[in-house]
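Summary of structural features
What follows is the residue order along each chain.
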Amino acid sequence: IYWYDATQGTGGDPMTGLSASSTPGINHSFIWNTTTDLPTTENSTVYLRIRPSDNTSSATAWVVSNSFGVDNVAPSVSDNVPATWQNNDITVTLTCTDNDSGCNKVYYTLDGSDPTTASSYVNAGSSWQFTYSTEGTKTLKYRGEDSAGNLGGIATAANQLRLDKTAPVINDDVSAAWKTSDITVTFNCTDTASGCDKVYYTTDGTNPTTSSASVDLSDNWQFVFSTEGVYNLKYFSKDIAGNVSAV
């Protein structure tokens, strides 16, 4: 065991000028400022020893307390926010680690504000998880609190929460009239969240799949049809989150 001088905290009795003992004795209290003496300590086996002395005789023997825990280190927290757009509700796990008193809560916000102890939170009862179900993008901020009351710094998730559960809207500009030259077909694809990714199409009457011909932004959402005859154009669109429209 290594012994260090103890810094007196706020409250309790002073270190000097204490009333003399009498039968059955006088109780005095000492408040220890562990934050000053052990600022980076996470230890469940700490002792405090104390002994009285006066100006006329040598000090009495040390009295050593039972062991107790000191935790002056805030917990660390990480998140699992995905880097890509999602098309189903997102289960966010805030993994909290504390080596001594244990994690109590992780407070979080989604509106860009800094979380406080009045913010929403997860804990062991929620398996340190919450579900994000609102379409759009949000910035997640969070901070952990351990059972000793230490609050961690505010962290911002590296990835934004990005959720798009709605399929894109798609239409075409195929004319009802006969044409005498090659036809440039333009698809108008609209998606207000993740954005359109591709439009898949067929001209032989079969239903298109993701293996069919496709156009995207690099094609200006267009293809050129140059075969004479009457053909049936079918198509569907897929957005960046993976939602697909009907054929």
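Here the structure is shown first, and the text comes after it.
Description of the structure in this document. (Residues numbered from 1 in each chain as written. Predicted model: local features only at pLDDT ≥ 70, side-chain atom pairs only at ≥ 80, totals over all residues. Heavy atoms only, no water.)

1. Remarks on the pattern of salt bridges
One pass over the structure, following the stated rule, counts four salt bridges. Where K165 meets D89, a salt bridge forms, and the shortest distance between an N and an O atom there is 2.9 Å. Placement of the pair is K165 in the loop between β13 (161-163) and β14 (169-172) and D89 in the loop between β5 (76-79) and β6 (90-97), with a sequence separation of 76 residues. K165 sits in the partly exposed class, given a relative accessible area of 36%. K198 is paired through a salt bridge with D216; the nearest N and O atoms lie 3.3 Å apart. Here K198 is found in strand β16 (residues 196-202), whereas its partner D216 is found in the loop between β17 (213-215) and β18 (222-225), with 18 residues between them in sequence. (Salt bridge = Lys/Arg side-chain N within 4 Å of Asp/Glu carboxyl O. Helix = DSSP H or I, 4+ residues; strand = E, 2+ residues; numbered from the N terminus. Buried < 20%, exposed > 50% of the residue type's maximum accessible area, 1.4 Å probe, protein only.)

2. Some remarks on the state of the cysteines
Within the structure shown, the criterion is met by two disulfides. Each disulfide pairs two cysteine sulfurs, and for C96 the partner residue is C103, the sulfurs being separated by 2.1 Å. Its S-S torsion of about -90° marks the bond between C96 and C103 as left-handed, since a negative value means left-handed. The partner cysteine of C189 in its disulfide is C196, sulfur to sulfur 2.1 Å. Note on the C189 and C196 pair: the S-S dihedral is about -95°, so by sign convention the disulfide is left-handed. Grouping residues by exposure puts C189 and C196 together as buried. (Disulfide = S-S within 2.5 Å.)

3. Observations concerning the packing of aromatic side chains
We describe a pair of aromatic rings using the distance from one ring centre to the other and the angle between the two ring planes. Taken as a whole and assessed by the stated rule, the structure comprises eight aromatic pairs. Ring geometry for Y107 against Y121: centres 6.0 Å apart, planes inclined by 65°, an arrangement best described as edge-to-face. Placement of the pair is Y107 in strand β7 (residues 103-109) and Y121 in strand β8 (residues 120-122), with a sequence separation of 14 residues. Residue class for Y107 comes out buried when judged on its relative accessible area of 4%. Of the aromatic side chains, those joined through ring pairs into one cluster are F187, Y201, F223 and Y235. Residue placement shows R49 over the ring face of W62; its charged tip is 4.2 Å from the ring centre. Sitting above the plane of the Y121 ring, K105 keeps its charged end 4.2 Å from the centroid. (Phe/Tyr/Trp six-rings, centres within 6.5 Å; stacked < 30°, edge-to-face > 60°. Lys NZ or Arg CZ within 6 Å of the ring centre and 35° of its normal.)

4. Describing unusual backbone geometry
At S127, a residue that is not glycine, the phi angle is positive and equals roughly 60°. Within the fold, S127 resides in the loop between β8 and β9 (129-132). Residue W128 is not a glycine yet carries a positive backbone phi of 60°. Looking at the element boundaries, W128 is found in the loop between β8 and β9. Relative accessible area serves as the criterion here: at 19%, W128 is assigned to the buried category.

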